[in-house]
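Chain residues, written in single-letter form:
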Amino acid sequence: MYFHVQQLINEIDQDEPDPDAANALQEGLGGQFGEMRTMMQYLFQSINFRGPSAKPYKDLIQGIGTEEISHVELIGTTIARLLDGSPRYKGKPTDPVDAPGAGGATPLKIATSESNIHHYLVGAQGAMPVDAAGNPWMGSYVYNSGNLVLDLLYNLMLESTGRLQKCRLYEMTSNKTARSTISYLIVRDQAHENAYAKALETLGVNWRTALPIPKTNAEKFPEVARLLELGLQSKQYSFDLSNLSEAGKIFQGLSPSNDGTQLDASEQAPAGVPMTIAAERPEEFSPGADDDLRALIEATAAMEMADIERTFGEMS
């Protein structure tokens, strides 16, 4: 079972909307080496895992896969924030973006000339399960061979390529909103590289000669350096409410990154940060629940509660 804590796994810095940065980030979400791919690949590998004696490896893969769900949430939310209100991008707060057609205005005109038109035409200024070119995410990206060594090697390659691409994404934008999330994912990708590299080492695989962790100099990025100082590249969370995870049997000892840190799998989950729901977007005809709909919701809820009380007695 999976449980959801209504917090984001990392804080997203505030900056002005940037539709170009949003579209670039789509690669990190729905691209071949993006967060949707890692989430689905690791979850399917853990679901299909065989061999009770190898449980620590299943727990490691499942823990990382569970974290990737929160990464999909984080990067998707970041894309939405970069798009939210972007028809006013580089404009004035007094522009009539929230009054469709007022005074002859065309509030969504930006969609015809900036980045991905589907962000406005289909997604209502929100993230989509596509890459930066608009290609839909595909289940065929998922690699699940059933062979533990092959899967771990492929996972290490996936994390290494993902981190390399995120370093490129960082260099594509100076937007603080985008960079705060990109930096966090760069460091967590390194943590997952360390996890899969350590797992391969415990199986006697000399991965360094075939698949080195790429040198990206990401530690020179100020936002990344701050997270590295916190040791975030050497932590792995279990996301296990029952405390049955055995991933710590693997994720321990010196980090494969050769940065002098010790791997730490003692934490269940990071603290997280509060999350907020985005404002309504009248120009997208996405107003949320209007007064009539709210009244209908309240009336329906009252009827359901009355039915429950008739059936089971008054609820305390």
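I will try to describe carefully the structure that is included in this document. Counting of residues starts from 1 at the beginning of each chain's written sequence and follows it residue by residue. Restriction of local features to residues with pLDDT of at least 70 applies here, the model being predicted, together with a cutoff of 80 or more for giving and counting side-chain atom pairs; totals for whole chains, interfaces and linings are based on all residues. The basis for the side-chain values is all heavy atoms of the structure; hydrogens and waters are excluded.

Examining the packing of aromatic side chains
For clarity, the cut-off: Stacked, tilted and edge-to-face pairs are distinguished by plane angle, under 30 degrees for stacked and over 60 for edge-to-face with tilted covering the rest, among Phe, Tyr and Trp rings (Trp via its six-membered ring) whose centres lie within 6.5 Å. Where helices and strands are cited, they refer to DSSP runs of H or I of at least four residues and of E of at least two residues respectively, numbered from the N terminus. Three exposure classes are used, based on accessible area relative to the maximum for each residue type with a 1.4 Å probe and protein chains only: buried under 20%, partly exposed in between, and exposed over 50%.
Tallied over the full model, the rule gives five aromatic pairs. Taken together, a centroid distance of 3.9 Å and an interplanar angle of 10° make the contact between Tyr170 and Phe221 stacked. Here Phe221 lies in the loop between α6 (176–202) and α7 (222–229) and Tyr170 lies in helix α5 (residues 148–172), a separation of 51 residues in the sequence. Since its relative accessible area comes to 9%, Phe221 is described here as buried.

Details of the nonpolar core
This is how it is decided: Think of a nonpolar core as a cluster: buried Ala, Val, Leu, Ile, Met, Phe, Trp, Tyr and Cys residues, connected wherever their side-chain atoms sit within 4.5 Å. A contact between two residues is defined here by any heavy atoms of the two lying within 4.5 Å.
Of all hydrophobic cores here, the largest spans 40 residues; its most connected members are Leu25, Ile182, Tyr184, Ile186, Phe221 and Val224. Of all elements in the fold, only α1 (19–30), α2 (35–47), α3 (55–83), α5, α6 and α7 reach the threshold of two or more residues within this core. Those residues within four positions of Ile186 in sequence are excluded, and the remaining contacts are Arg163, Lys166, Cys167, Tyr170, Ala218, Phe221 and Val224. Counting residues in each nonpolar core, the second largest holds 21 residues, with Tyr42, Ile64, Ala247 and Ile250 among its members.

Re the packing of α6 against α7
Here is the rule: Lines fitted to the C-alpha atoms define the axes, with helices restricted to the stretch that makes contact. Angles between their N-to-C directions range from 0 to 180 degrees. Between 65 and 115 degrees an angle is taken as roughly perpendicular, under 35 as roughly parallel, over 145 as roughly antiparallel, and anywhere else as oblique. Note on convention: the crossing is left-handed when the near helix lies turned anticlockwise from the far helix by less than a right angle, right-handed when the turn is clockwise. In this count, Pro and Cys sit with the nonpolar residues alongside Ala, Val, Leu, Ile, Met, Phe, Trp and Tyr, while Asp, Glu, Lys and Arg are called charged and the others, Gly among them, polar.
Close contact between α6 and α7 brings their axes to 9 Å; oriented N to C, the two are set at 45°. The angle between α6 and α7 places the two elements in the oblique class. Along this stretch, α6 crosses α7, giving a crossing that reads as right-handed. Contacts between α6 and α7 pair Arg179, Ser183, Tyr184, Ile186, Val187 and Gln190 from the former with Glu223, Val224, Leu227 and Leu228 from the latter. Here the contact of α6 with α7 is composed, by residue class, of six nonpolar, two polar and two charged.

Here's the deal with the environment of Phe239
Considering the arrangement of structural elements, one finds Phe239 in the loop between α7 and β2 (273–274). The class for Phe239 is partly exposed, based on a relative accessible area of 27%. Each residue touching Phe239, except ones within four places of it in the same chain, is listed here: Ile9, Gly63, Thr66, Glu67, Gln268, Ala269 and Pro270.

Considerations on α2
Using the following cut-off: Here the expected length of a helix is defined as 1.5 Å per residue gap, with one fewer gap than residues.
For α2, which comprises 13 residues, the first-to-last C-alpha distance of 18 Å matches the rise-based estimate of 18 Å (1.5 Å per residue) to within 8%. Of all 13 residues that make up α2, ten are buried, and the element is covered over most of its length.

Considering a negative patch on the surface
Selection rule: Nonpolar side chains (Val, Leu, Ile, Met, Phe, Trp, Tyr) are joined into patches within 5 Å and like charges within 9 Å, using only residues with over 30% relative accessible area and no salt bridge. Each accessible area value is a Shrake-Rupley result obtained with a 1.4 Å probe; residue values ignore everything except the protein chains displayed when judging cover. By convention in these notes, a salt bridge is any Lys or Arg side-chain nitrogen within 4 Å of a carboxyl oxygen on Asp or Glu. Charge assignment: positive for Lys and Arg, negative for Asp and Glu; neither His nor the chain ends contribute. In this description, the location of a charge corresponds to atom NZ of lysine, CZ of arginine, CG of aspartate or CD of glutamate.
A grouping of Glu11, Asp13, Asp15 and Glu16 is seen on the molecular surface, where their side chains present a negatively charged patch. Along the polypeptide, Glu11 turns up in the loop between β1 (7–8) and α1. Taking relative accessible area as the criterion, Glu11 reaches 51% and is therefore assigned exposed.

Regarding the side chain of Asn155
Using the following cut-off: Any N or O atom pair separated by 3.5 Å or less is treated as a polar contact, with the protein-specific requirement of one donor-capable and one acceptor-capable atom, and with residues adjacent in sequence counted only for side-chain atom pairs.
Examined against the element boundaries, Asn155 turns out to sit in helix α5. By relative accessible area, which is 0% here, Asn155 ends up buried. Looking at Asn155, its side chain comes within polar contact range of the side chain of Gln45, at 2.8 Å. Non-local contacts of Asn155, meaning those with residues more than four positions away in its chain, are made with Gln41, Tyr42, Gln45 and Tyr196.

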